[in-house]
Amino acid sequence: MDRIQIRCEGHIGWITLNHPEKRNALSDELVKAVIDGLARLAKESCRAVVIRAPAGAKVWSAGHDVSELPEGRRDPLGWDDPLRHLVRAIEQHPSPVIAMIEGGVWGGACEVVLACDLIVAADTATFALTPAKLGVPYNVSGMLTFLNAAPFRIVKEMTFTAEPIPAARAERLGMINRIVPADELEAVTNAIAHTIAGNAPLAISVMKEQLRILAGAHPMSPQGFERVQGLRRVVYDSADYREGIRAFKEKRKPVFEGR
Ligand code: LCV
């Protein structure tokens, strides 16, 4: 069963996440299919790529596939985690990647969406950052993705509460580019993609890469990085982390004890 649908029409690539039984959870299998799809669309000289869920989706993506997270003693979001590969593939894709959002976007899927170059959302869409709900110590580059997409205090609110925010608020905050009625979402996204595709692809590709390098140009001392990694290790080695993952699998609310 293909976990995505892919097509290229008039220099525009379309990738549809297609694992509704698991609410498009970002499993290794689905992530690999999206990364391969992006590479294929680059070879077909697509000048913009839209990543979407099927029309009418209540969930765009439920985030990292929790069943694939380690139950402790290993960084759950290390360099080689599928989610990290997907975020880098989007950021390094030679043409703009547009997230077309309908339904809820959860956890690591929020980072995938915020790593896209433009975000067009239906007015019913919601966005939730969920590490605190699971007890996961999010990783440094992921936190930078959030900080590059939303004001500092909003990142704190979203990460500390793990509560979804509605598309209207996300747009007011500048986190997303456009909010439209669901029945206009595809047409508006398609129009934006065609406008981009009608401009100079080489210049756009270079400006995208310049912006990626500048957005990531945040100095962090080796000591600072090692301190953060040490603190994250305390979290993913904690009883709370194990409890968060187990509670999800057992479909119950976690009981965190701060140890
Ligand atoms: C695996 C799933 C998932 C899922 N993984 O449908 O950002 S971090 O640090 O937290 C990071 C580690 C991360 O991204 O973690 C994941 C964060 N995601 C969430 O917290 C969202 C978890 N999912 C939900 O809250 C609900 O599934 C939503 C609200 C998305 C949809 O609810 P709905 O009632 O429509 P179900 O909950 O019944 O889910 C349908 C099937 O998808 C699986 C879920 O286990 C169920 O499988 P079974 O039918 O086998 O029981 N599923 C959902 N999310 N992230 N599997």
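If you're wondering where the values come from, they're calculated on a predicted model, not measured in any experiment. (Residues numbered from 1 in each chain as written. Predicted model: local features only at pLDDT ≥ 70, side-chain atom pairs only at ≥ 80, totals over all residues. Heavy atoms only, no water.)

**What about the state of the cysteines?**
Considering all chains together, one arrives at 0 disulfides under this definition. Free cysteine Cys 116: the closest other cysteine sulfur is in Cys 110, separated by 11 Å. (Disulfide = S-S within 2.5 Å.)

**A short note on the sheet that holds strand S8 (residues 126-128)**
Strand pairing in a sheet is mediated by backbone hydrogen bonds. Such pairs are either parallel or antiparallel. In spatial order, the strands read S4-S6-S8-S9; together these 4 strands make up an open sheet with mixed pairing. The open sheet has two edge strands, strand S4 (59-61) and strand S9 (165-166), and neither has a second partner. Inspection of the sheet shows S4 paired to strand S6 (residues 104-106) by 2 bridges, in the parallel sense. Looking at the pairing, Ser 61 lines up with Val 105 of S6. Sitting on the sheet, helix H3 (residues 108-115) touches S4, S6 and S8, and the angle it makes with S6 is about 105°. (Pairing = 2+ DSSP bridges. Helix = DSSP H or I, 4+ residues; strand = E, 2+ residues; numbered from the N terminus. Contact = heavy atoms within 4.5 Å. Axes fitted to C-alpha atoms, helices over the stretch in contact; angles between N-to-C directions.)

**Points about unusual backbone geometry**
A positive phi angle, close to 55°, is found at Arg 23, a residue other than glycine. Structurally, Arg 23 can be placed in the loop between strand S2 (12-17) and helix H1 (28-43). We classify Arg 23 as partly exposed; its relative accessible area is 47%. Backbone geometry at Asn 24 places phi at a positive 55°, although glycine is not the residue there. Within the secondary structure, Asn 24 is located in the loop between S2 and H1. Residue Asn 24 is classed as buried on the basis of its relative accessible area, which comes to 3%. (Buried < 20%, exposed > 50% of the residue type's maximum accessible area, 1.4 Å probe, protein only.)

**Quick look at the packing of helix H5 (residues 140-149) against helix H6 (residues 152-161)**
Across the interface, H5 lies against H6 with an axial gap of 8 Å and an inter-helix angle of 125°. Comparing their axes, H6 and H5 come out oblique. At the point where H5 passes H6, the crossing takes the right-handed sense. Across from Met 143, Phe 146 and Leu 147 in H5, the residues of H6 making contact are Phe 152, Val 155 and Thr 159. Residue composition of the contact of H5 with H6, grouped by class: 5 nonpolar, 1 polar and no charged. (Parallel < 35°, antiparallel > 145°, perpendicular 65-115°, else oblique. Left-handed = near helix turned anticlockwise from the far one by under 90°. Nonpolar A, V, L, I, M, F, W, Y, C, P; charged D, E, K, R; others polar.)

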